[in-house]
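Listed here are the chains, written in short residue letters.
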Amino acid sequence: MSDPISSIRNLGPAFEQACARADIHSAQQLREIGPDEAYARVVQAGTRPHFIGYYVLVMGLQGRPWNDCKGEEKKALRQRFDAIKARVSTAPEHKMISDLDAIGVRVSADDLKSE
């Protein structure tokens, strides 16, 4: 049995749900994908990009406290984050899912498809 994403330091149930929407279902899978690709997938699946969320993921995958990122390292991570945001586009259906999620309505992409 695989370890859940929430078994990784700093990562809780909300990020685990965001990963599930991006078809990332285990801590091992997240480690194999790496922080940049995983974060790009999470954003593409509808999670609103946020720099703190990104560097919390990076620190967690390194086994470090979330607030351990400072100085030049933090500046470099900001550049990586900005590059991820620039290359990832949010599909309209995922944007709608994200917007509904923000107000507490849980839906999936299948819920938005007409029959």
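Scroll up a little and you will see the structure.
Just so we're clear, the structure is a prediction, and the values are computed from it rather than from any experiment.

1. Concerning the pattern of salt bridges
Stage number 1. For the coordinates displayed, the defined rule picks out seven salt bridges.
Stage number 2. A salt bridge links Asp36 to Arg80, with the nearest nitrogen and oxygen atoms 2.8 Å apart. Remark: Arg80 occurs in helix α5 (residues 71–87) and Asp36 occurs in helix α3 (residues 35–44); sequence separation between them is 44 residues.
Stage number 3. For Asp36, a relative accessible area of 25% puts it in the partly exposed group.
Stage number 4. The partner of Arg78 in a salt bridge is Asp82, and the shortest N-O contact between them spans 3.1 Å. Of the two residues, Arg78 and Asp82 are both situated in helix α5; the distance of four residues between them amounts to about one turn of the helix.
Stage number 5. Relative accessible area serves as the criterion here: at 36%, Arg78 is assigned to the partly exposed category.

Parameters at a glance
- Residues numbered from 1 in each chain as written.
- Predicted model: local features only at pLDDT ≥ 70, side-chain atom pairs only at ≥ 80, totals over all residues.
- Heavy atoms only, no water.
- Salt bridge = Lys/Arg side-chain N within 4 Å of Asp/Glu carboxyl O.
- Helix = DSSP H or I, 4+ residues; strand = E, 2+ residues; numbered from the N terminus.
- Buried < 20%, exposed > 50% of the residue type's maximum accessible area, 1.4 Å probe, protein only.

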